[in-house]
Amino acid sequence: MENIKMRQSRVLKKLRSGGVVSCLKVNFGPEATEIVGLNGFDCAWIDREHLADDWSTLQAHIWAAKSHDMDVVVRTTRGCYSNYIKPLELDASGIMIPHVMNLEDAKSIVKMTRFQPIGLRAVDGGNADSLYTMLDPTEYIKQANEERFVILQIEDPEPLEDLEEIAKLEGIDMIFFGPGDFSHAIGDLGNWKNKQLIEARKKIAEVCIRNNKFAGTVGGVGNYQELVDMGYRFISLGADVVGHVNYSRQIMEDISKKI
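Presented here is a report on the structure given in the accompanying data block.

How each quantity is defined
- Residues numbered from 1 in each chain as written.
- Predicted model: local features only at pLDDT ≥ 70, side-chain atom pairs only at ≥ 80, totals over all residues.
- Heavy atoms only, no water.
- Helix = DSSP H or I, 4+ residues; strand = E, 2+ residues; numbered from the N terminus.
- Rg over C-alpha atoms; globule rule 2.2 N^0.38 Å.
- Buried < 20%, exposed > 50% of the residue type's maximum accessible area, 1.4 Å probe, protein only.
- Contact = heavy atoms within 4.5 Å.
- Areas by Shrake-Rupley, 256 points an atom, 1.4 Å probe, with all protein chains shown as cover.
- Lys, Arg positive; Asp, Glu negative; His and termini not counted.
- Charge placed at Lys NZ, Arg CZ, Asp CG, Glu CD.
- 1 Å grid on protein atoms, 1.4 Å probe; cavity = no way out; pocket = protein on both sides within 12 Å on 5 of 7 lines; lining within 4 Å.
- Points joined across faces, edges and corners; volume = space filled by probe spheres on them.
- Nonpolar A, V, L, I, M, F, W, Y, C, P; charged D, E, K, R; others polar.
- Axes fitted to C-alpha atoms, helices over the stretch in contact; angles between N-to-C directions.
- Parallel < 35°, antiparallel > 145°, perpendicular 65-115°, else oblique.
- Left-handed = near helix turned anticlockwise from the far one by under 90°.
- Pairing = 2+ DSSP bridges.
- Right-handed = clockwise from strand over helix to strand, strands pointing away.
- Phe/Tyr/Trp six-rings, centres within 6.5 Å; stacked < 30°, edge-to-face > 60°.
- Lys NZ or Arg CZ within 6 Å of the ring centre and 35° of its normal.

### A short note on the overall build of the protein chain
Part 1 of the reasoning: When its secondary structure is counted, the protein chain shows eleven helices and eight strands.
Part 2 of the reasoning: Taken over the C-alpha trace, the protein chain has a radius of gyration of 19 Å; the compact-globule value for 259 residues is 18 Å, and the two agree within 12%.
Part 3 of the reasoning: Projecting the C-alpha coordinates of the protein chain onto the three principal axes gives extents of approximately 65 × 45 × 35 Å.
Part 4 of the reasoning: For the protein chain, buried positions account for 48% of its 259 residues.
Part 5 of the reasoning: Across the protein chain, every contact between residues at least 6 apart in sequence was considered, and the portion connecting residues at least 24 apart equals 64%.
Part 6 of the reasoning: Total accessible area on the protein chain stands at roughly 12700 Å², and carbon and sulfur atoms take up 54% of it.
Part 7 of the reasoning: Taking the 30 positively charged and 38 negatively charged side chains of the protein chain as two groups, their mean positions are separated by 3 Å.

### A closer look at the layout of surface pockets
Part 1 of the reasoning: For the largest pocket, the calculated volume is near 590 Å³.
Part 2 of the reasoning: For the largest pocket, the lining is made up of 27 residues, of which Pro179, Gly180, Trp192, Val218 and Gly219 are closest to its centre.
Part 3 of the reasoning: Within the lining of the largest pocket, the residues separate by chemical class into eleven nonpolar, nine polar and seven charged.
Part 4 of the reasoning: Contributing to the lining of the second largest pocket are Asn3, Ile4, Lys5, Met6, Gln8, Glu139, Lys142, Gln143, Glu146 and Glu147.
Part 5 of the reasoning: Considered class by class, the residues forming the lining of the second largest pocket number two nonpolar, three polar and five charged.

### A few points about the side chain of aspartate 129
Part 1 of the reasoning: Mapped onto the secondary structure, aspartate 129 falls in the loop between helix 5 (103–113) and helix 6 (137–147).
Part 2 of the reasoning: Beyond its immediate stretch of four places on either side in the chain, aspartate 129 contacts Met6, Leu88, Glu89, Asp91, Arg121, Leu135 and Tyr140.

### Focus on the packing of helix 4 (residues 81–89) against helix 5
Part 1 of the reasoning: Axis separation between helix 4 and helix 5 bottoms out at 9 Å; the angle between their running directions is 50 degrees. Judged by the angle between their axes, helix 4 and helix 5 are oblique. Here the hand of the crossing between helix 4 and helix 5 comes out right-handed. In this structure, helix 4 contributes Tyr81, Tyr84, Ile85 and Leu88 to the contact, and helix 5 contributes Ile109, Met112 and Thr113.

### Considerations on the pairing of strand 8 (residues 232–239)
Part 1 of the reasoning: Where strand 1 (residues 21–26) meets strand 8, four bridges bridge the pair, whose relative direction is parallel. Across the sheet, residue valine 21 finds its bridge partner in strand 8, namely phenylalanine 234.
Part 2 of the reasoning: Strand direction decides the pairing type here: strand 7 (residues 214–218) and strand 8, joined by four bridges, are parallel. Of the residues in strand 8, the one forming a bridge with alanine 215 is tyrosine 232.
Part 3 of the reasoning: Since strand 7 and strand 8 lie parallel, the crossover through helix 10 (residues 224–230) that links them has a hand, and here it is right-handed.

### So, the packing of aromatic side chains
Part 1 of the reasoning: Under the definition given, this model contains four aromatic pairs.
Part 2 of the reasoning: Ring centres of phenylalanine 176 and phenylalanine 234 lie 6.2 Å apart, and the angle between their planes is 70 degrees; this geometry places the pair in the edge-to-face category. Placement of phenylalanine 176 in strand 6 (residues 174–177) and of phenylalanine 234 in strand 8 is noted, with a sequence separation of 58 residues between them.
Part 3 of the reasoning: An aromatic cluster is defined as three or more aromatic residues linked by ring pairs; in this entry it consists of Trp45, Phe176 and Phe234.
Part 4 of the reasoning: For lysine 25, the ring lying beneath its charged end belongs to tryptophan 45, and the centroid distance is 5.9 Å.
Part 5 of the reasoning: Taking NZ or CZ as reference, arginine 48 lies 3.7 Å from the ring centre of tryptophan 55, over its face.

Written out as structure tokens, the structure is:
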């Protein structure tokens, strides 16, 4: 079939046009992902590093997102190449690999997640991302390299030494700063005012800008503009589980006042 294309990434389109991407982390089921899409977010973050969702559930999250033209980024488990490429084959728009520790680690990820001429990702072609064989194989690998994004997550002090070289790698679209694990790694869990953490956040944004990569992190309404001014263009603004906790707690607090 002529002119057939895989779904364009909403995230990449917005980033490439100079916009700031809004993302929400989803811990609950595909219904929660659909609600995120209904409310106009650009991207839902589905987590396979810490959550127990199986592949069928992930597939449902992706379907729910695509029904509202929203992207899904999947934070993967570490390990073999299948952990990285299966979310892409299910038609997630991007993957986020946690705890990238050095340049060699980053190079290995590129090799496993990008097709030729950038990497040596394993080819299937019969899945959702290739429109179930409807894409010409040559077009498939070309479009996958152009319309699917790979994020490296920096959550430890060790990779900061290699950060400049990591950011120069072809095939990496974004470097994402994880302040929670970073604060844990430096022995000051949850202290967002720690000088080392603040410097790392700033350095990641600066290195990304210098090397034409996008910078991502977690944030909120309170520090949104600060992060944008710093150079961050992909911001995860909250999580459904936080909203549910706050909603449930508020109901019980209100009820208790009436007893």
